[in-house]
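Here is how the chains run, residue by residue.
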Amino acid sequence: MDLRQLEYFVAVAEEQNFTRAAERVHISQSGVSAQIRQLERELGAELFDRSARTVTLTVAGKAALEHARSALAAAGAVGQAVGEVTNLIRGRLTVGMVVGCTLTPLFDALAAFHQAHPGVEISLVEDSSDRLIEKVRASTIDLALIGTATATPDGLDALTLISERLVAAVPAGHPLAQQRRVALRDLVAHPIVCMPRGTGIRTVFDRACAAQSLQPMIALQASAADAIADLAARGLAVAILSDSMAARYRDRITARIIDDVDKPAVLALIWKSAHSPGVRELLAFSRQEFIKPDPT
């Protein structure tokens, strides 16, 4: 048994699919399957139940999973310990990003990190905020950019990057555009276009509506702010966005702060408390990029 086999085993266990696991570890599906079969022969037990569409762990597989994770973490710690005393950082850094969110400062931070530490392989994956939080907790992702309704998810550390009020955005001729003030009750009469469940903006909006026992009609959903703004600009629905998101489309839509939604939508970087030197370095670069003054 070797570390490569353990890495493939953990990938299949977490992805519950050999194809996705192969994509994650950057080899062919047949290669992953062959290595898992070899590991099973060495252990004398099947680790996965392959009878269903979704691959699940057997009893033996469940018993082996945490030990495999610990072995991989210990092997990574060896390299990190040597790197710290030699002032080198190597290995792999997996960064998560909530779908539909593109922040130039984050990309600038990744570029600066890569230039300073070319020995680190950077992987970037997209997912919903809820799933990213769980992946950071499970240590399958080192650090993630999420949208959330709370500044710090339980059990994790966080760096708040943006904290903004929600707005309702409509085209110039829409009735809501004529109002100086907009409340949640004003929105109930109109179809809504917003981000899907699991995103920070949607969570803030849903909770605010529930607090007033309101049931808005979510007619359309999209993960990207561009799509939401385009749908609203065509008069199909009222867009729910953050203040800065809506400001990018002021030539097409008119935004009004939703007066009775006081809780802001938060965009934050999250990581586990016991983070690696690579995470510490990326956080340092992220802080530098996000506190830079706006050149305009």
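What counts, and at which threshold
Residues numbered from 1 in each chain as written. Predicted model: local features only at pLDDT ≥ 70, side-chain atom pairs only at ≥ 80, totals over all residues. Heavy atoms only, no water. Helix = DSSP H or I, 4+ residues; strand = E, 2+ residues; numbered from the N terminus. Buried < 20%, exposed > 50% of the residue type's maximum accessible area, 1.4 Å probe, protein only. Contact = heavy atoms within 4.5 Å. Areas by Shrake-Rupley, 256 points an atom, 1.4 Å probe, with all protein chains shown as cover. Arc of directions from axis to C-beta. Polar contact = N/O pair within 3.5 Å; in protein donor to acceptor, adjacent residues only side chain to side chain. Phe/Tyr/Trp six-rings, centres within 6.5 Å; stacked < 30°, edge-to-face > 60°. Disulfide = S-S within 2.5 Å. pLDDT = per-residue confidence, 0-100. Pairing = 2+ DSSP bridges. Core = buried A, V, L, I, M, F, W, Y, C linked by side-chain atoms within 4.5 Å. Axes fitted to C-alpha atoms, helices over the stretch in contact; angles between N-to-C directions. Parallel < 35°, antiparallel > 145°, perpendicular 65-115°, else oblique. Nonpolar A, V, L, I, M, F, W, Y, C, P; charged D, E, K, R; others polar.

What follows covers the overall build of the protein. The helix and strand tally for the protein stands at eleven helices and twelve strands. If you line up the protein on its principal axes, its C-alpha atoms span 70 × 50 × 30 Å. Split into buried and exposed, the 296 residues of the protein put 42% on the buried side. Summarising the internal contacts of the protein: among those between residues at least 6 apart in sequence, 73% fall at separations of at least 24. Accessible surface, the protein as shown: approximately 15,200 Å² in total, 52% of it carbon and sulfur.

Side chains of residues three or four places apart in an α-helix project in the same direction, reflecting 3.6 residues per turn. Among all positions in helix 9 (residues 225-233), only A225, I228, A229 and A232 are buried. Axial view of helix 9: buried residues confined to an arc of 95°, hence all on one face. The inward-facing, buried residues of helix 9 contact strand 7 (166-170), strand 8 (191-194), strand 10 (238-242) and helix 10 (243-247). Of the residues flanking the end of helix 9, it is G235, one or two places downstream, whose phi is positive at about 80°.

In this fold, S242 is placed in strand 10. Exposure remark for S242: the relative accessible area of 6% places this residue in the buried category. Polar side-chain contacts of S242 include one of 3.1 Å to the side chain of E164. Apart from the residues lying within four places of it in its own chain, the contact partners of S242 are E164, R165, V167 and I201.

So, about the packing of aromatic side chains. Going through the model one piece at a time under the given rule, you end up with three aromatic pairs. Considering the side-chain rings of F9 and F48, the 5.5 Å spacing of their centres and the 55° angle between planes classify their relative orientation as tilted. In this pair, F9 sits in helix 1 (residues 3-15) while F48 sits in strand 1 (residues 48-49), placing the two residues 39 residues apart along the sequence. With a relative accessible area of 1%, F9 lands in the buried category. Under the relative-accessibility criterion, F48 is labelled buried at 1%. On the numbers, 6.4 Å between centres and 90° between planes, the contact of F113 with F285 is edge-to-face.

Right, let's get into the state of the cysteines. Counted according to the given criterion, the structure contains zero disulfides. Between C194, a cysteine without a disulfide, and C209, which holds the nearest cysteine sulfur, the sulfur-to-sulfur distance is 9.0 Å. By relative accessible area, C209 is classed as buried at 5%.

With that settled, consider the confidence of the model for the protein. Low pLDDT marks stretches whose predicted atomic positions should not be read closely. Mean pLDDT for the protein: 87, with 93% of residues reaching 70 or above. Confidence, read as mean pLDDT per element, is least for helix 4 (residues 59-86) in the protein (79) and greatest for strand 8 (96).

Turning to the environment of D259, a few remarks are in order. In this structure, D259 sits in the loop between strand 11 (254-257) and strand 12 (265-271). If we skip the residues at most four places from it in the chain, D259 touches R165, R181 and V182.

Every other side chain in a regular strand lies on the same face of the sheet, so the side chains alternate between the two faces. Both strand 8 and strand 9 (residues 217-221) contribute to a ladder of four bridges, which runs parallel. Paired with C194 across the bridge in strand 9 is Q221.

The subject of this paragraph is the nonpolar core. L166, L184, L187, F205, I240, L241 and I258 are the most contacted members of the largest nonpolar core, which totals 38 residues. Those elements that provide at least two residues to this core are strand 7, helix 7 (184-187), strand 8, helix 8 (200-211), helix 9, strand 10 and helix 10. Filtering out sequence-adjacent residues up to four positions away, L166 remains in contact with I201, V204, F205, I240, L241, R256, I257, I258, V261 and A265.

A separate point is the packing of helix 1 against helix 3 (residues 29-43). Running from N to C, helix 1 and helix 3 point in directions that differ by 110°, and their axes come no closer than 9 Å. With respect to helix 3, the axis of helix 1 lies roughly perpendicular. Of the residues in helix 3, those in contact with R4, Q5, L6, Y8, F9 and V12 of helix 1 are V32, Q35, I36, Q38, L39 and E42. Here the contact of helix 1 with helix 3 is built from residues that sort into seven nonpolar, three polar and two charged.

On to the sheet that holds strand 8, then. Overall, mixed pairing links the five strands, which are arranged 9-8-10-7-11 in an open sheet. With partners counted over all chains shown, the strands left at the sheet margins are strand 9 and strand 11, one partner each. Recorded for the sheet is a direction-independent mean angle of 35° between the axes of neighbouring strands. Note that strand 7 and strand 11 share four bridges and pair antiparallel. Residue pairing in the sheet places V167 in a bridge with I257 of strand 11. Against the sheet, helix 8 makes contact with strand 7, strand 8, strand 9 and strand 10, and its axis sits at roughly 115° relative to strand 10, the strand it touches most.

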